[in-house]
Amino acid sequence: MARIHCLSTADMDRVFEVDHLPVHDEKMFATAFHEGVGGQGVFVARALAALGAPVTYHGTVGDDPTGAALVAELSAISGLSVEITRLAGVATGSCAIIVDRTGEKALVLAPAAPELGGRLGEGLTVEPGDIVTLNFFDPPQMARVLARARADGATTIVDIEATGISVFGWDAALATMAAADIVCSNQTTLDAWSAREAVTGPLLDRAERFARAIAVSGQRICVTLGAAGVWVFDGAATEHIPALPVKPLNTTGAGDTFLAGLAFGLHRGDSLFAAARIATRVAADFLGFGRIDRDRLGL
């Protein structure tokens, strides 16, 4: 059976729940605190495991106690296969997440060793029909992984966010998008592109222009727009999928969960549009309940 492979670094997420996001020079107490394994591909893989998909998470951590704890936590997730490289002399990544009572968040990523992204996916092997999801980390390594996976018959999905673009630049981001089969992005990235290209106008019009602009090699595109839904371009036609009404508990990982739902739908043979509609439902379920329930979704 074809598998879905999710690639990203893994980090320790330290989550602070607060009444409101802090302002300048404000000191506050959290109403709750918890920590555990995080990382973009981790959210994707965990959601896919909850959906019952055949999924393997491929990641990198350091050889420190934090890395050992993350490997143990990931290995305990039911239905998830894990292939993690532990890098000698490297510290595992860390992220502070501040979540307010509306579910909105602010993230602070600790400086990460370049090896964590540069060694990602070195041992990846795929079969024809597999799906590979990646996030925008080390561009040269991603290019190698994408080329190898596509040559072996896998469908590749890349998630591009403004955070990675701020580190590696637009040229690297656009080259990475051009090397993938499917690109997922979000409104923050759309807004950054609109500013760069001096594109104005209604949100959905800008989303279509963005999708068509980055689909330079026949890529298919999904642009998530928060409460405005998702704009989908399959290389020929477009579709706007409205968001489902939901009161979010925590928006952390919502885009990654959408990506999981998209991969799930494509894996079972759905069209890009049908898969995006499933992904919208999966993301809403995660936002509203904090976890994925396949029975609740009727999948």
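Whatever comes next refers back to the structure up there.
Small disclaimer: the values here were computed from a predicted structure and weren't measured.

A. Broad picture of the overall build of the protein chain. Of regular secondary structure, the protein chain possesses eleven helices and 13 strands. Relative to its length of 299 residues, the protein chain is compact, with a C-alpha radius of gyration of 18 Å against a globular reference of 19 Å. Dimensions of the protein chain, computed from the C-alpha atoms along their principal axes, are close to 50 × 40 × 40 Å. Expressed as a percentage of its 299 residues, the buried residues of the protein chain come to 48%. For the protein chain, the proportion of contacts with a sequence separation of at least 24, taken over those separated by at least 6, is 67%. Total accessible area on the protein chain stands at roughly 13,200 Å², and carbon and sulfur atoms take up 55% of it. If you average the places of the 23 positive and of the 34 negative side-chain charges in the protein chain, the two averages end up 4 Å apart.

B. Representation of the state of the cysteines in the model. Summed over all chains, the structure comprises zero disulfides. In this structure C95 is a free cysteine whose sulfur lies 19 Å from that of C6, the closest cysteine sulfur available. With no disulfide of its own, C184 lies closest to C222 among cysteine sulfurs, the gap being 4.7 Å.

Rules and cut-offs
Residues numbered from 1 in each chain as written. Predicted model: local features only at pLDDT ≥ 70, side-chain atom pairs only at ≥ 80, totals over all residues. Heavy atoms only, no water. Helix = DSSP H or I, 4+ residues; strand = E, 2+ residues; numbered from the N terminus. Rg over C-alpha atoms; globule rule 2.2 N^0.38 Å. Buried < 20%, exposed > 50% of the residue type's maximum accessible area, 1.4 Å probe, protein only. Contact = heavy atoms within 4.5 Å. Areas by Shrake-Rupley, 256 points an atom, 1.4 Å probe, with all protein chains shown as cover. Lys, Arg positive; Asp, Glu negative; His and termini not counted. Charge placed at Lys NZ, Arg CZ, Asp CG, Glu CD. Disulfide = S-S within 2.5 Å.

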